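# Understanding the architecture of this molecule
What follows is the residue order along each chain.
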Amino acid sequence: MIKQPKQKYNPKQMEEKIQKFWTDNDIFNKSVEQRKEYPAYVFLEGPPTANGLPHPGHVLTRVMKDFVLRYQTMNGHYIERKAGWDTHGLPVEIEVEKKLGLEDKQSIEKYGVKRFNEECRKSVFKYENAWVEMTHRIGFWLDMNNPYITLKNEYIESVWWSLKKAWEKKLLYRGHKVVPYCPRCGTALSAHEIAQGYKTVEDPSILVKFKIKNEEAYFLAWTTTPWTLISNVALAVHPDEYYVKISYRGEVLILAEQRAAVLMKGEGYDILDRFLGKQLEHKEYEPLFSYAKPEKKAWFVVLADFVTMVDGTGIVHIAPAFGEDDYSIGKTYDLPVVQLVKLDGTFPDEVTLWRGQFVKDADPSIIAYLEERGLISGVRSYQHEYPFCWRCDSPLLYYAMESWFIAMSKVQEALLKNNDMVTWYPEHLKEGRFGDFLRDVKDWALSRDRYWGTPLPIWTCTNSPCNHAICIGSVDELRSLSESFPDEYDLHKPFVDTLKVHCPLCKSLMIREKEVIDCWYDSGAAFFAQWHYPFENHEKLQENFPVDFISEALDQTRGWFYSLLAISTFLFDQPPYKTVLTLGFVLDENNQKMSKSKKNYVDPNIILDHEGADALRWYLMSANAPWMSTRFYEDAVKETLGKFILTLWNSYNFFATYAALDQFNPEKDMILVSERSTLDKWVLSRFHHLVGNVRSFVKQFEIHKAARAIETFIIEDFSNWYLRRSRKRLWVEEKTQDKLSGYSTIYDIFIGLSQLLAPFIPFITEELYQNLKTTDMPESVHLCDYVTVNKGVLDDDLEKAMEYIRDLVEVGRALRSKININVRYPLKEANIICSKETEESIRDLLELLQEELNVKKISFARNTDQFMIKTIKPKYAQLGPRYKEKTKTVIDMIEQSDTQKLYEELTKHEEITIIVNKEKITLNKDDFDVVEHEKEHLVKASVEDSTLFLDTNLTEELEAEGLSREIIRRIQSMRKELDLDVEDRITTELHMGSHEKNMVESWSEHIKEETRSTTLSFVKKPGGKLVKKWDIDDVHVEIGIE
RNA sequence: GGGCCCGUAGCUUAGUUCGGUUGGAGCAACCGGCUGAUAACCGGUAGGUCGGGAGUUCAAAUCUCCUCGGGCCCA
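Residues numbered from 1 in each chain as written. Chains lettered and ligands numbered in written order. Predicted model: local features only at pLDDT ≥ 70, side-chain atom pairs only at ≥ 80, totals over all residues. Heavy atoms only, no water.

## Some thoughts on the pairing of strand E31 (residues 919–924)
Quick note on the threshold: Strands are labelled as partners when DSSP assigns at least two bridges between them. Helix and strand assignments follow DSSP, with helices taken as H or I runs no shorter than four residues and strands as E runs no shorter than two, numbered in order from the N terminus.
One ladder, built from six bridges, connects strand E30 (residues 911–916) with E31; its direction is antiparallel. In the sheet register, Ile914 faces E31, and the bridge partner there is Ile921. Between E30 and E31, which pair antiparallel one after the other, the connecting turn spans two residues, and Asn917 there sits at a positive phi close to 50°.

Here it is, written out as structure tokens:
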């Protein structure tokens, strides 16, 4: 039986109740298990790191994922929803360093790697509760009891296996990577870290002369880091820009033509020669210093596209050890990596002049030295952004560090081919940001010289002639090569480094490369490592690869989306996923990024407490396309609550209240659709059209459009039109066929809506469903199949007819408003001028129109003739020139006669004759404009190609009815004022003038009925609990009720 | 410095793929109506340099170029 709901919508209370219902009845598990034999829809969870609190952005991601998974489940798919945790990486280490007050790597070593990593392990789950709680509260159904965790031995073993595959394919190699490096902390910084430490500083900017070999001429280069000049090995020019050789103050210099024009502006110089940069390639010059003893050819000109004409001289000094561009051009030209700076940021002993000095401090002295030798042509100070260590504020140095790489450039074609097989939402990412990234793919710098991460499983033999290196791909393999491998172990540092591993060739001791690997590799391995593949679960991988669906925010394009594709490509030569839904960012009210420091951060819990998970979810899904950034603030969610959730709730509340009162029983009282009223058929047709639209929107991940379509249906079609128009028939006391037809339809719609909306707003839909479901229906709305379109109830003609009726109502109301006759007063007649077909199509709906417009009668006609009067109006411009001074008289005569008659005459005889001053004047059609207007008491308005006329003539009877409605309304508002229940009966006493009394008396039965008055009497002095005087226009009425 | 996405009324937005009636809605405002209809409903009014500029075209919110603002990625 349908129960009357508790009146107020209290999201927090209701959602807690629903959560309990789900838990008590194990609904989540059932929803997964009941689909076990169905086709799988494979989802892979992008693992979050639980060492920070969840952010509104994470809420969005989880809401969207949940929607898709619920939707696919209801549509008959089996989906495992394994949670995952990303547990390694520098951010974790930094948190722990902060907590323990450790400032650099030395202090970590001193503290002990074992203890340090233990702290990291703890820290990683510091906010696990907050994450679990958030996930739970927003209703994200995810198997959090059985997650994959990247720090587990099994997970690491799978990762090792994959690294060994890369090793066997000769994709792992050791090289250099230029990274921002803090010489004081002794550590490289991640991009994320340097981003927070940029400052504007002034550095010396100098123009340095490099003498060309065997020629009395110089290249003029530009730098802001004089200390790197000592490690210079080349000069770069742009291949396609023009360079000039000039004579300037007795010296011959080469620099870019554009730059010469800027730098030497106003100074005299002669151009000796002009040529393209590419002509300078391989031209040799003499080094500035003799400290470097490179083992490869150095000190010649190279070509590089990154050379700009914006500043400098168009000639860039190259030191591969200290710049990423420098390093990559160095690889192209096979330049030596000269690195005459120690890790602590000071010059080594061989740089005799500045040994032991911090490089940046040595700048002035280096400049002075070069000036003395006449090799500097200008010193200026230069303002630019320079990165500083966010921790200790030291200037960072770009520094080439040794690192292990995966040669992704070797599999670039496969990457592109695999990307081609992926469906991206939004589409532009495929060829845009992601495709561009792949076309320009760089080798993956895999290793990190840190502590908390998957250890790099590469061991090298210490025996010098042997030097054999191996990559270990499993625990068994490690065990077999190790002395006394323990039963209990943890593959992290320092355990792996304490093992005595013997070389399989010469049996000598091997030692491991000290690094750990990039944590992006960990998460990118999730598609197989979550199953501990290939050590177990072979068939699991078969069934779950490639995954059907992943979804994360836009920042993951070069993060997780890439690392998955990269690993899958070199391992299996296949894409790891079929569909990627990329989500936009969550921004604050002013479109600014949310950050704790800006204090514009919204705590999702507050919104969950106030507005509830459903309102939050609905807002996030309906506000914007998933891939667009969405503003997030409490008022926006509040608006969603008021506009949508409450409309839904109140409609439901209205229905459930009356259905409970009438003991409507959906198992017995349902009326066949074919026997329901036209209005019912209309709303069912609308609903099923909606279902079709929702399905096609969701297919394209246009979740916002699906949500908005539902919202429009509920607010406009269902609540504001269908329910409004149905109230009267549900209000009658008897169980009429019409009333049951209405209940049946509303019931159908609510069951349908609860299913249609279940993936969007899982709580309120469950609440509705639980109250409405019959015993033979699934125990939870989330165990139902998703609604499908019932083509049998689709009726385009009916929808069109209703549209037409609603248009007529609209213009009719507008007309009433224009002529100033309140809707409360009935009008005699409405006439609709339209085609026979149109008339036929709306016949069943006329009652709606009649009530909405409050007219006594609706009639039809095929043309407007009987409602319009045609008259003529003389054309002044035509008559004036012809009749000169007589014109005024002519016009006056015409206008004073019956213009309607004149029109008739003119149509009959083509011309009319009038006599002015005894002179006969003949006028023809061209002398007049035909003017049309409504007959007396009629007003008209047009809808499409038809016309509506309202008869505005208010008869005494009509006025009486109107007045009685005025009185009813006032009594009703007094009832409300007394806070009477709908059922309560009253007695009513009225006082008014005798004329009005006579008018109203004939309606007294009606008034009694409408106001639930047992008696209605006309008295001199009305009494009762509430007595009020009213002025209805100029009628004074006094009403008392009891 | 390079790339990608976004910019439409006070606010939230539709329309932009593929140029074509007068750029549609909702919220807020204002006027009026209706109401045992909910944080309502109905009618009307006002509110737009479609971020700005230029170009292509018979025709540009829509295409091209430049530019400004926001966001992101990379240097």
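Back to the text.
## As for the sheet that holds strand E27 (residues 830–833)
Note the cut-off: Axis definition: a line fitted to C-alpha atoms, over the contacting stretch in the case of helices. Angles run 0 to 180 degrees between N-to-C directions. Note on definitions: a residue-residue contact is assigned when non-hydrogen atoms from the two residues lie within 4.5 Å.
Taking strand neighbours across the sheet as the criterion, the four strands line up as E28-E27-E34-E33 in an open arrangement whose pairing is mixed. If you trace the sheet from one side to the other, it starts and ends with strand E28 (858–861) and strand E33 (938–943), each paired once. If you compare each strand with its neighbour and ignore which way they point, the axes differ by 25° on average. Bridge count between E33 and strand E34 (residues 946–951): six bridges; the pairing is antiparallel. Across the sheet, Val943 pairs through a bridge with Ser946, a residue of E34. Helix H29 (residues 796–819) contacts E27, E33 and E34 of the sheet and is inclined by roughly 145° relative to E33.

## Quick word on the protein's contact with RNA strand B
To keep things clear, this is the line we draw: It suffices for a single heavy atom of a residue to lie within 4 Å of a molecule or strand for the residue to be listed as near it. Any N or O atom pair separated by 3.5 Å or less is treated as a polar contact, with the protein-specific requirement of one donor-capable and one acceptor-capable atom, and with residues adjacent in sequence counted only for side-chain atom pairs. Under the convention adopted here, Pro, Cys and the residues Ala, Val, Leu, Ile, Met, Phe, Trp and Tyr are nonpolar, Asp, Glu, Lys and Arg are charged, and Gly plus all remaining residues are polar.
Around RNA strand B sit 39 residues, and of these Lys593, Arg631, Leu646, Arg724 and Arg975 come closest. Near the protein, within 4 Å, the atoms of RNA strand B are sugar or phosphate in 67% of cases. One of the side-chain N or O atoms of Asn650 is found 2.5 Å from a base oxygen in RNA strand B. Ser719 is positioned with one of its side-chain polar atoms (N or O) 3.0 Å from a base oxygen of RNA strand B. For the surface near RNA strand B, the secondary-structure elements that each account for two or more residues are helix H15 (433–439), helix H24 (634–661), helix H26 (703–731), H29 and helix H35 (956–977). Among the elements that line the surface near RNA strand B, the one with the most residues is H26, at seven residues. Taken together, the residues that form the surface near RNA strand B break down as nine nonpolar, 11 polar and 19 charged.

## A look at helix H31 (residues 846–853)
We apply this condition: When a residue's accessible area, from a 1.4 Å probe over protein chains only, is under 20% of the maximum for its type it is buried; when over 50% it is exposed; and in between it is partly exposed. By arc we mean the arc of the directions from the helix axis to the C-beta atoms, nothing more.
The set of residues buried in H31 consists of Leu846, Leu848, Leu849, Glu852 and Leu853. Mapping the buried residues of H31 onto a view down its axis gives an arc of 155°, with all of them on the same face. One or two residues past the end of H31 sits Asn854, with phi positive at roughly 55°.

## As for the nonpolar core
Applied cut-off: The term nonpolar core refers to a set of buried residues drawn from Ala, Val, Leu, Ile, Met, Phe, Trp, Tyr and Cys, joined through side-chain atoms within 4.5 Å.
Counting residues in each nonpolar core, the largest one holds 171 residues, and the members touching the most others are Leu753 and Phe760. Excluding residues that lie within four positions of it along the chain, Leu753 makes contacts with Leu648, Phe687, Ile710, Phe713, Ile714, Ala758 and Thr765. In this structure, Val179, Ala221, Leu288 and Leu303 belong to the second largest nonpolar core, which totals 77 residues.

## Re the layout of surface pockets
If a probe as big as a water molecule is rolled over the atoms, it shows which places are left empty. Counted only if it meets this: Grid points spaced at 1 Å and placed over the protein atoms alone form the basis of the search, with a cavity being a set where a 1.4 Å probe fits but cannot get out and a pocket an open set showing protein on both sides within 12 Å along at least five of seven lines. Lining residues have an atom within 4 Å of a point. Grid points are joined across faces, edges and corners, and a volume is the space filled by probe spheres set on the points.
Taken as a whole, the second largest pocket encloses approximately 2000 Å³ of empty space. Lining of the second largest pocket is provided by 42 residues; of these, Arg727, Lys728, Trp731, Gln972 and Glu1010 occupy positions nearest its centre. Residue composition of the lining of the second largest pocket, by class: 13 nonpolar, seven polar and 22 charged.

## Concerning the state of the cysteines
Note the cut-off: Whenever a pair of cysteine sulfur atoms sits within 2.5 Å, that pair is classed as a disulfide.
As enumerated under the stated definition, the model contains zero disulfides in all. Not engaged in a disulfide, the cysteine Cys519 finds its nearest cysteine sulfur in Cys120; these two sulfurs lie 12 Å apart.

## Topic: the packing of aromatic side chains
To keep things clear, this is the line we draw: Two aromatic rings from Phe, Tyr or Trp, using only the six-membered ring of Trp, form a pair when their centres are within 6.5 Å; if the ring planes differ by under 30 degrees the pair is stacked, by over 60 it is edge-to-face, and anything between is tilted. When the NZ atom of lysine or the CZ atom of arginine is within 6 Å of a ring's centre and also within 35 degrees of its normal, the charge is said to sit over that ring.
One pass over the structure, following the stated rule, counts 57 aromatic pairs. Their ring planes at 25° and their centres at 5.9 Å tell us that Phe67 and Tyr71 sit as a pair that is stacked. Here the residue Phe67 and the residue Tyr71 both occupy positions in helix H3 (residues 56–74), the gap between them amounting to four residues, near one helical turn. A residue is classified by how much of its surface remains accessible, and Phe67, at 1% relative accessible area, is buried. For Tyr71, a relative accessible area of 8% translates into the label buried. A cation over an aromatic ring shows up here: Arg115 above the ring of Tyr111, its NZ or CZ 4.0 Å from the ring centre.

## Some words on the packing of H35 against helix H37 (residues 1004–1011)
This is how it is decided: Roughly parallel here means an angle under 35 degrees, roughly antiparallel means over 145, roughly perpendicular means 65 to 115, and every remaining angle is called oblique. By definition, turning the near helix anticlockwise from the far helix through less than a right angle yields a left-handed crossing, and turning it clockwise yields a right-handed one.
Interhelical geometry of H35 versus H37 gives an angle of 25° and a closest axis separation of 10 Å. The angle between H35 and H37 falls in the class roughly parallel. Crossing of H35 over H37 shows right-handed handedness. Contacts between H35 and H37 pair Ser964, Ile968, Ile971, Gln972 and Arg975 from the former with His1006, Ile1007, Glu1010 and Thr1011 from the latter. Partitioning the contact of H35 with H37 into residue classes produces three nonpolar, four polar and two charged.

## With respect to the sheet that holds strand E4 (residues 187–188)
Reading across the sheet, the four strands line up as E4-E3-E14-E16 and stay open at both edges, with antiparallel pairing between neighbours. Among the strands making up the open sheet, the edge pair consists of E4 and strand E16 (444–445). Of the pairings in the sheet, the one linking strand E3 (residues 172–182) to E4 comprises two bridges and is antiparallel in character. Of the residues in E4, the one forming a bridge with Tyr181 is Ala188.

## Brief notes about the domain arrangement of chain A
Where we set the bar: An automatic or database domain assignment supplies the residue ranges for each domain.
Taken as a whole, chain A is organised into domain 1 (165–171 + 407–583), domain 2 (188–396), domain 3 (629–799), domain 4 (824–952) and domain 5 (956–1041). Computed from C-alpha coordinates alone, the two centres of domain 1 and domain 4 are separated by 85 Å.

## Structural notes on unusual backbone geometry
The linkage connecting Tyr533 with the following residue, Pro534, adopts the cis geometry, with an omega of 0°. Mapped onto the elements, Pro534 comes out in the loop between helix H19 (526–529) and helix H20 (538–544). In this chain, Phe545 is followed by Pro546 through a cis amide linkage whose omega measures -10°. When you line up the elements, Pro546 lands in the loop between H20 and strand E23 (547–553). Of note, the phi angle at Asp334 is positive, near 55°, even though the residue is not glycine. Given a relative accessible area of 46%, Asp334 falls into the partly exposed group. In the Ramachandran plot, Asp573 falls in the positive-phi region, its phi being about 55° despite a non-glycine side chain.

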